[in-house]
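# Coordinates in review
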Amino acid sequence: MLASSVGMTWVASRVVMDLRANMFDKILTLPTSDFDQTSAGVLLSKVTYDVSRVMAAATETLLILVRDTLSIIGLLAWMFYLNWMLSLIVFTIMPITIVVVGVVSKRLRRMNTSMQDAMGDITRVLEEAIGGHKLIKVFGGQPYEQKRFQVASNQVRRFEVKTKVTSGLSVFIVQLLTACSLGVIIYIAAQQSAADNITVGGFVSLFTAMGLLFSPIKRLTQVNDKLQQGLAAAQSVFNLIDKASEVDNTNGHLIKTQQLSGKLTFKQVNFNYDATPALRDISLTIMPGETIAFVGASGSGKSTLANLIPHFYTINQGQLFLDDININELPLATLRANIALVSQEVVLFNDSVAANIAYGAMADAPREKIIEATESAYAMEFIQQMPNGLDTSIGERGVKLSGGQRQRLAIARALLKNAPILIFDEATSALDTQSEYQVQQSLDKLKQGRTTIIIAHRLSTIAKADRIVVMEKGRIVEIGQHAELIEKQGSYAKLYQLQEG
Ligand SMILES: Nc1ncnc2c1ncn2[C@@H]1O[C@H](COP(=O)(O)OP(=O)(O)OP(=O)(O)O)[C@@H](O)[C@H]1O
Ligand SMILES: [Mg+2]
């Protein structure tokens, strides 16, 4: 018994590990639009909670399922052998039991699916509360969050009780049916023995077989609860694993090592996330080495346009070419190897400063290169003041750093990557003059010799651009140099006036 349960656990834990690995691999390759639709908490609960339910079902029910089904079959066969007439009774009772169990199973599965969703809600609320703890404190959001959490966990509790009631009822009904049929069998057997159709030995044997039949049937109906839980969880797990990954044209132009020049051509590009268009009829050629700035009101589509270049989203209409190759024909790895990104929200990992700069494919970068990039990003100065310099851990999401410091780290990362295309989506948060100057200086270093796309909110960043593109409601409305656009007295001039006061 011990050996078999340890063996089961060993197998099940390996299966769970493989499932988790598969889920994680899938999460790493999901299209960006899937992340827009699914909250992190829900994915989290799939990988932690749902998988563990599959394991629980596998270890706790599989053995019972196999062993008890076999014993029931064996016992029934023995009973038929003893007295075939009794088989008729069993055959009338059996379909009823199967129907009852089937209906109950469906219901249990549905309730378990809802329970998983409720569990997802719990992790989502948790994740939001933990991430937003400062906001909650300042805006007095504790009661609201408590309420949300209470609702979510109450939901789980309700489903747990409901499931128990349903499975309890089904166990009861099946036991009742079994007991009734056994009663009828005993009655008939007694009648027959009175009529001398059955021997005393046969009667005792039959009676014992019936007694033995009772507990496997009971156990089987009892584990149905767990089994349905496992099946519902497995469905959720495989739904994730079976999701489509990003479309990747891995057989496309294989320019793996050769770097591209960084020329970008938008040809009548239209894009929408949902019903409303986010980009309309964008046609633009960005020359290699050019620094181009995108300006425009919030929500005018600047970040959206930048998101199309690394193929985070697929263009609905029109084409985007990198060095005259349609980006849809490039393997994602090739395309992305040629792009360095400093995004609007700097993402840092819970690791050392050096590991954050030499992230991913750059993990093997020599120390001197990392130092060089860090110095060019004007980040060395504050890093040196940290207790272990480059090897200091920067904490969860880089919370131990200031906004400007984070941005300079992101710039150092982009510098180290040394890609022909740089996308710099400037954070809206205003830096102080000192940090702004430093970020500006590091950006100037970064721009050299590569196509640079700057989404700018500060005029200091824009002034040095070769061209400025003004966007409005997803369209390009003006293109030109700072002086030209000012002279034109159009949208840019208005924006400029607003900022300069
Ligand atoms: N992931 C998304 N899903 C659906 N709609 C989105 C998504 N991201 C942006 N949008 C919508 O697309 C439009 C353009 O947004 P975008 O982020 O490109 O603006 P932006 O010009 O970068 O603004 P900001 O200056 O505030 O950063 C907005 O109307 C926005 O609501
Ligand atoms: Mg933006």
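Residues numbered from 1 in each chain as written. Chains lettered and ligands numbered in written order. Predicted model: local features only at pLDDT ≥ 70, side-chain atom pairs only at ≥ 80, totals over all residues.

Quick look at the sheet that holds strand S7 (residues 421-425) now. What the 6 strands build is an open sheet, ordered S6-S7-S8-S3-S9-S10; its pairing is mixed. With one partner strand each, in any of the chains shown, strand S6 (339-342) and strand S10 (475-480) form the two edges of the open sheet. With strand direction ignored, the average angle separating the axes of adjacent strands in the sheet is 20°. Alignment of S6 against S7, held across 4 bridges, turns out to be parallel. Paired with Val-342 across the two strands is Phe-424, which belongs to S7. The strands touched by helix H13 (residues 403-417) within the sheet are S6 and S7, with S6 carrying the most contacts at an inclination of about 175°. (Pairing = 2+ DSSP bridges. Helix = DSSP H or I, 4+ residues; strand = E, 2+ residues; numbered from the N terminus. Axes fitted to C-alpha atoms, helices over the stretch in contact; angles between N-to-C directions. Contact = placed C-beta atoms within 7 Å.)

Angle between the axes and distance between the axes: these two values describe a pair of packed helices. Orientation of helix H6 (residues 142-194) relative to helix H7 (residues 200-241), taken along the N-to-C sense of each, is 170°, at an axis distance of 9 Å. Taken as axis vectors, H6 and H7 run roughly antiparallel relative to one another. Packed against H6, whose contacting residues are Thr-163, Ser-167, Ser-170, Val-171, Val-174, Gln-175, Thr-178, Leu-182, Ile-185, Ala-189 and Ser-193, the element H7 presents Phe-203, Leu-206, Met-210, Phe-214, Ile-217, Lys-218, Thr-221, Gln-222, Asn-224 and Asp-225 at the interface. A per-class count over the contact of H6 with H7 returns 10 nonpolar, 9 polar and 2 charged. (Parallel < 35°, antiparallel > 145°, perpendicular 65-115°, else oblique. Nonpolar A, V, L, I, M, F, W, Y, C, P; charged D, E, K, R; others polar.)

In a regular helix each residue adds 1.5 Å, so 53 residues correspond to 78 Å; H6 covers 76 Å between its end C-alpha atoms and thus fits that length. Along H6, the residues that are buried comprise Ala-152, Phe-159, Thr-166, Ser-167, Ser-170, Val-171, Val-174, Ser-181, Ile-185 and Ala-189. Summarising the contacts, the buried residues of H6 are in contact with helix H4 (84-131) and H7. (Expected span 1.5 Å × (residues − 1). Buried ≥ 20, exposed ≤ 12 C-beta atoms within 10 Å, placed from the backbone.)

The next point concerns the pairing of strand S4 (residues 317-322). Across 5 bridges, strand S1 (residues 264-272) lies against S4 in antiparallel orientation. In the sheet register, Asn-270 faces S4, and the bridge partner there is Gln-317. Hairpin remark: S4 followed by strand S5 (residues 325-326), antiparallel, with 2 residues in the connecting loop; positive phi at Asp-323, about 50°.

This part is about the nonpolar core. Counting residues in each nonpolar core, the largest one holds 69 residues, and the members touching the most others are Ile-357, Ile-411, Ala-412, Ala-414, Leu-422, Ile-423 and Ile-468. Ranked by the residues each element gives to this core, the list is headed by H13, at 7 residues. When residues no more than four places from it in sequence are discounted, the contact partners of Ala-414 are Ala-340, Leu-341, Val-342, Leu-422 and Leu-446. (Core = buried A, V, L, I, M, F, W, Y, C linked by C-beta atoms within 7 Å.)

Moving on to the site of ligand 1. Around ligand 1, a shell composed of Asp-36, Tyr-273, Asp-274, Ala-278, Gly-296, Ser-298, Gly-299, Ser-300, Gly-301, Lys-302, Ser-303 and Thr-304 is seen. Partitioned by chemical class, the residues of the shell around ligand 1 number 2 nonpolar, 7 polar and 3 charged. (Near = placed C-beta within 6 Å.)

Contact pair H4 / H7: the axes reach a minimum separation of 8 Å and the direction vectors enclose 50°. By the angle class used here, H4 and H7 are oblique. In terms of crossing hand, the pair formed by H4 and H7 is right-handed. For the pair formed by H4 and H7, the contact residues are Val-101, Ser-105, Leu-108, Arg-109, Asn-112, Thr-113 and Gln-116 on the first element and Thr-221, Asn-224, Asp-225, Gln-228, Gln-229, Leu-231, Ala-232, Ala-233 and Ser-236 on the second. (Left-handed = near helix turned anticlockwise from the far one by under 90°.)

With that out of the way, let us pick up the environment of Pro-288. Turning to its location among the elements, Pro-288 is positioned in the loop between strand S2 (277-286) and strand S3 (291-296). Taking the C-alpha atoms as reference points, Pro-288 and Asp-323, 35 residues apart in sequence, are found 8.8 Å from one another. Once residues lying within four places of it in the same chain are set aside, the contact partners of Pro-288 are Ser-261, Gly-262, Lys-263 and Thr-451.

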